[in-house]
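# Working through the structure, step by step
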Amino acid sequence: MSTIHLHESTTSTPEQFVAGLTDFGPGRSKLFGNSTDEYLKVHHRGSNEADVTEGSNGIWERLHYDWSDPNHIVLTTTDSNMWGGASGHTYTLTRRPNGTTDVDAVVVREGKNLKGRILGFVLGTIGKRVLKKAFANTIKAIEARNEKGSGHHEPSMEAY
């Protein structure tokens, strides 16, 4: 099992970050490179939780998103072709006095088969740099989305 800790500071507010994280509409891959439209399926979305399948490049996972605490968002892997056990993501958002937000992410990868165990090991060692870059790209994409003034919007259910 690999546990990867990531940290970035952003000009986005916690609310703007959560809005980006929980926008399951088309084009999600612009914010999250490992979540392509062809894999994206929203099974259920409530006011502060969702059940979503996403992935890319032959790797998918079904996640339960819980943002009932808007400063501590938990994504629990409920099914996947690679990940099992304690796999998931946790985002902790801390608003700073200077107007920035610290985003701490913890990614847990527990392989449920040989391919998943190997990939989990790679991610926990040399792959951490790739995850760090992808995380930084997500932060920049959410900032750019907010600078364009798109802000938070609730996509209509027809998009799903």
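Presented here is a report on the structure given in the accompanying data block. Residue positions within a chain follow its written sequence, with the count starting from 1. Two thresholds apply to this predicted model, a pLDDT of at least 70 for residue-level local features and 80 or more for giving and counting side-chain atom pairs, whereas whole-chain, interface and lining totals are computed over all residues. Values reported for side chains reflect all heavy atoms of the structure, with hydrogen atoms and water molecules removed beforehand.

## Quick notes on the overall build of the protein chain
Formally: Numbering of helices and strands starts at the N terminus; helices are DSSP runs of H or I of at least 4 residues and strands are runs of E of at least 2. For the radius of gyration, the atom set is restricted to C-alpha positions; the globular benchmark scales as 2.2 Å times the number of residues to the power 0.38. To sort residues, take the accessible area from a 1.4 Å probe on protein chains only and compare it with the maximum for the residue type: under 20% means buried, over 50% means exposed, and anything in between is partly exposed. Residue contacts are defined here by distance: any two heavy atoms, one from each residue, within 4.5 Å place the two residues in contact. Only four residue types enter the charge count, namely Lys and Arg as positive and Asp and Glu as negative; His and the chain termini do not. We put the charge of a Lys on NZ, of an Arg on CZ, of an Asp on CG and of a Glu on CD.
Scanning the protein chain from N- to C-terminus turns up 3 helices and 7 strands. Overall, the protein chain shows an N-to-C arrangement of helices and strands of β-α-β-β-β-β-β-β-α-α. Taking 15 Å as the expected radius of gyration for a compact globule of 160 residues, we find that the protein chain reaches 15 Å, a close match to that expectation. Taking the principal axes of the C-alpha coordinates as reference, the protein chain spans close to 45 × 35 × 25 Å. A burial count over the protein chain gives 44% of its 160 residues as buried. A sequence separation of at least 24 residues applies to 46% of the contacts in the protein chain between residues at least 6 apart. Computed over 18 positive and 19 negative side-chain charges, the separation of the two mean positions in the protein chain equals 7 Å.

## Concerning unusual backbone geometry
In this model, Asn57 sits at a positive phi of 50°, which is unusual for a non-glycine residue. The topology assignment puts Asn57 in the loop between strand S3 (49-56) and strand S4 (59-66).

## Topic: the nonpolar core
Short version of the rule: The criterion is simple. A nonpolar core is a set of buried Ala, Val, Leu, Ile, Met, Phe, Trp, Tyr and Cys residues joined through side-chain atoms within 4.5 Å.
In this structure, Phe17, Leu21, Tyr65, Ile73 and Tyr91 are the most contacted members of the largest nonpolar core, which totals 30 residues. Elements that contribute at least two residues to this core include exactly strand S1 (2-10), helix H1 (14-21), S3, S4, strand S5 (72-80), strand S6 (88-95), strand S7 (101-109) and helix H3 (128-147). In terms of residue count, H3 provides more of this core than any other element does, 5 residues in total. Residues contacting Tyr65, with those up to four places away along its chain left out, are Leu21, Phe24, Arg28, Asn48, Glu49, Ala50, Val52, Glu54, Val74 and Leu75.

## Some words on the sheet that holds S6
Our working definition: In this scheme, strands are said to pair when DSSP sees at least two bridges between them. To obtain each axis, a line is fitted to C-alpha atoms, and for helices this fit is confined to the stretch in contact; angles are then taken between N-to-C directions over 0 to 180 degrees.
Strand order in the open sheet formed by 7 strands is S1-S7-S6-S5-S4-S3-S2, and the pairing between neighbours is antiparallel. Pairing within the sheet leaves two strands with one partner each, and these edge strands are S1 and strand S2 (41-45). This sheet shows a mean twist of 20° between the axes of neighbouring strands, independent of strand direction. Lying over the sheet, helix H2 (residues 114-124) contacts S1, S4 and S7, oriented at roughly 45° with respect to S1. H3 rests against S1, S6 and S7 of the sheet, and its axis sits at about 35° to S1.

Interpretation note: all reported values are geometric properties and have no functional meaning in isolation.
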